Amino acid sequence: MEEVERTLVIIKPDAVVRGLIGEIISRFERKGLKIVGMKMIWINRELAEKHYEEHKGKPFFNALIEYITKAPVVVMVVEGRHAIEVVRRMAGATDPKDAAPGTIRGDYGLEIGDAIYNVIHASDSKESAEREINLYFKPEELFEYCKAADWFYKEKRKAKC
Ligand code: IDP
Ligand code: MG
């Protein structure tokens, strides 16, 4: 059976203050991904450092923590076929100047701050996705539900819809 995965997406502070929340969520919906958890939070320093622990010690670490805690964010768990890779590709390259047109970072970003301000975060592997989802969501904050088109694919997906 095709692999259904879950991945963590963060609509970062720059996108929130620029009014891009709806634009970004729409892209995932239109792609056919299912949002199974979503909330607005203001990330504190402790959570930010935990999330980005792999970058601790790098020259941009402090600026990155300032960036991600500068305004509220929208965190969501997005589900679908190969969702981790698909969402990473929809996000585009880390620096928005290098991100291809058609990607989220390529279409909505250019200016950077002390760190690279690049609109969204997306988990980069199965291990990161699992770790990051657990960091931001309790199990009861994630939902299984059927979307209108699920019946159409259900033989292949074995969905209970
Ligand atoms: P990713 O978000 O594309 O996975 P990572 O290398 O994991 O990129 O870096 C995490 C975040 O840290 C980036 O999204 C970006 O906001 C910031 N960042 C990455 N590299 C740099 C850098 O060289 N200078 C400043 N900020 C950076
Ligand atoms: Mg990364």
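Structure: above.
To keep things clear, this report deals only with the structure shown in the data block. Keep in mind it's a predicted model, so treat the numbers as computed, not measured.

Rules of the game
- Residues numbered from 1 in each chain as written.
- Chains lettered and ligands numbered in written order.
- Predicted model: local features only at pLDDT ≥ 70, side-chain atom pairs only at ≥ 80, totals over all residues.
- Heavy atoms only, no water.
- Salt bridge = Lys/Arg side-chain N within 4 Å of Asp/Glu carboxyl O.
- Buried < 20%, exposed > 50% of the residue type's maximum accessible area, 1.4 Å probe, protein only.
- Helix = DSSP H or I, 4+ residues; strand = E, 2+ residues; numbered from the N terminus.
- Axes fitted to C-alpha atoms, helices over the stretch in contact; angles between N-to-C directions.
- Parallel < 35°, antiparallel > 145°, perpendicular 65-115°, else oblique.
- Left-handed = near helix turned anticlockwise from the far one by under 90°.
- Contact = heavy atoms within 4.5 Å.
- Nonpolar A, V, L, I, M, F, W, Y, C, P; charged D, E, K, R; others polar.
- Near = heavy atom within 4 Å.
- Polar contact = N/O pair within 3.5 Å; in protein donor to acceptor, adjacent residues only side chain to side chain.
- Areas by Shrake-Rupley, 256 points an atom, 1.4 Å probe, with all protein chains shown as cover.

Thoughts on the pattern of salt bridges
Summed over the entire model, instances satisfying the criterion amount to 12 salt bridges. Across the pair glutamate 49 and lysine 56 runs a salt bridge, and its minimum N-O distance is 3.8 Å. The class for glutamate 49 is partly exposed, based on a relative accessible area of 24%. Residue classification places lysine 56 among the exposed residues on the basis of a relative accessible area of 52%. With its nearest N and O atoms 3.4 Å apart, the salt bridge here joins arginine 89 to glutamate 85. Pair noted here: arginine 89 and glutamate 85 are both in helix H5 (residues 83-91), with a separation of four residues, about one helical turn. We classify arginine 89 as exposed; its relative accessible area is 61%. A network of salt bridges, in which partner residues are shared, links Arg45, Glu49, Lys56 and Glu66.

Things to note about the packing of helix H2 (residues 21-31) against H5
Two elements in contact, H2 and H5, have axes whose closest approach is 12 Å; the angle formed by their N-to-C orientations is 135°. Considering the angle they form, H2 stands oblique to H5. Crossing geometry of H2 relative to H5 is assigned as right-handed. Note on element contacts: H5 touches H2 through Val86, Val87 and Met90, opposite Arg27, Phe28 and Lys31. Residue composition of the contact of H2 with H5, by class: four nonpolar, no polar and two charged.

Quick notes on the site of ligand 1
Around ligand 1 sit Lys12, Tyr52, His55, Phe60, Leu64, Tyr67, Arg88, Thr94, Arg105, Ala115, Ile116 and Asn118, and that is every residue in its neighbourhood. At a separation of 2.6 Å, an oxygen atom of ligand 1 approaches a polar backbone atom of isoleucine 116. If ligand 1 stood free it would expose 520 Å²; the protein chains cover 78% of that surface. Taken together, the residues of the shell around ligand 1 sort by class into six nonpolar, three polar and three charged.

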